[in-house]
Amino acid sequence: MTIEEFRRTMAEVKYIPGGSELHQAFHALSQEALKITAELNGSYHTPEEVRSLMAKLTASEIDESFGMFPPFHTDCGKNTKIGKRVFINSGCQFQDQGGIAIGDDVLIGPQTIIATLNHDPDPEKRGGMFAKPVKICDKVWIGARVTICPGVTIGEGAIVGAGAVVTKDVPPRTVAAGVPAKIIKKI
């Protein structure tokens, strides 16, 4: 399965049976991601080298305005799209098989987790997964140690407070905080 076929399939498929061909493709992509992130996280790299490794990890162009403080972890990498002037702080973890789209001018705080998969709640099918993409719109600021759950969209200009667990969409130009995250004010 090519990267483009994988991305198209993941855009269409919402359930991945455990052990299926697609599930096995996850594992193959994970091995490549482990290799690239080990290189990324194993020693100092210039900003240009970080961008090059992220381009290899995501199999897409990374704008020269992109910045990151490693370490960074992902169990796939190939279904993440990163806009311009994006900064990802240290210790972030992206589970991107279901798709992560990051707009322009986005700041992502340290130790943020973005998940796009949930396991099947049926114990007999627990290896199966439901995929839901995450979208982070332009000019979003995500605080430290935020967890963003599958299927969430964070609207343009929104702020997510440190430590929040985001289980529902965050409207544009609002501040969300708490566990679970709730809208606490408009900007």
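This text follows the structure it describes.
Because the structure is predicted, anything quoted here is derived from the model rather than measured. (Residues numbered from 1 in each chain as written. Predicted model: local features only at pLDDT ≥ 70, side-chain atom pairs only at ≥ 80, totals over all residues. Heavy atoms only, no water.)

Enquirer: Can you tell me about the sheet that holds strand 15 (residues 153–154), naming the residues and giving the values?
Expert: Taken together, the four strands give an open sheet; going across it, the order is 4-7-12-15, and neighbouring strands pair in parallel fashion. Of all the strands in the sheet, the pair left with one neighbour each is strand 4 (80–82) and strand 15. Examined bridge by bridge, strand 7 (residues 100–102) and strand 12 (residues 134–136) share three bridges and lie parallel to one another. Paired with I102 across the strands is I136, a residue of strand 12. (Pairing = 2+ DSSP bridges. Helix = DSSP H or I, 4+ residues; strand = E, 2+ residues; numbered from the N terminus.)

Enquirer: Could you give an account of the pairing of strand 18 (residues 174–177), naming the residues involved and the relevant values?
Expert: As defined by bridge partners, strand 16 (residues 159–160) adjoins strand 18 across two bridges and the pair is classed as parallel. Residue pairing across strands places V160 opposite A176, the latter belonging to strand 18. Bridging between strand 18 and strand 19 (residues 182–186) involves four bridges; their strand directions are antiparallel. When the sheet's bridge partners are listed, T174 is paired in strand 19 with K186.

Enquirer: Kindly report on the pattern of salt bridges, identifying the contributing residues and their values.
Expert: Tallied over the entire structure, the rule returns four salt bridges. Measuring nitrogen to oxygen at the nearest pair gives 3.8 Å for the salt bridge that ties E48 to R51. With a gap of three residues between them, E48 and R51 both fall in helix 3 (residues 47–58), about one helical turn apart. (Salt bridge = Lys/Arg side-chain N within 4 Å of Asp/Glu carboxyl O.)

Enquirer: Talk me through the packing of aromatic side chains; I want residue IDs and the actual numbers.
Expert: Inspection of every chain in the model, using the stated rule, returns four aromatic pairs. Between F6 and F26 the ring centres are 6.0 Å apart and the planes differ by 85°, which places this aromatic pair in the edge-to-face class. Of the two residues, F6 sits in helix 1 (residues 3–12) while F26 sits in helix 2 (residues 21–42), which places them 20 residues apart along the sequence. Neither residue differs from the other here; F6 and F26 are each classed as buried. Ring geometry for F72 against F94: centres 4.9 Å apart, planes inclined by 85°, an arrangement best described as edge-to-face. Of the two residues, F72 sits in strand 3 (residues 72–74) while F94 sits in strand 6 (residues 92–95), which places them 22 residues apart along the sequence. (Phe/Tyr/Trp six-rings, centres within 6.5 Å; stacked < 30°, edge-to-face > 60°. Buried < 20%, exposed > 50% of the residue type's maximum accessible area, 1.4 Å probe, protein only.)

In short, the description is geometric, and any link to function would need to be established separately.
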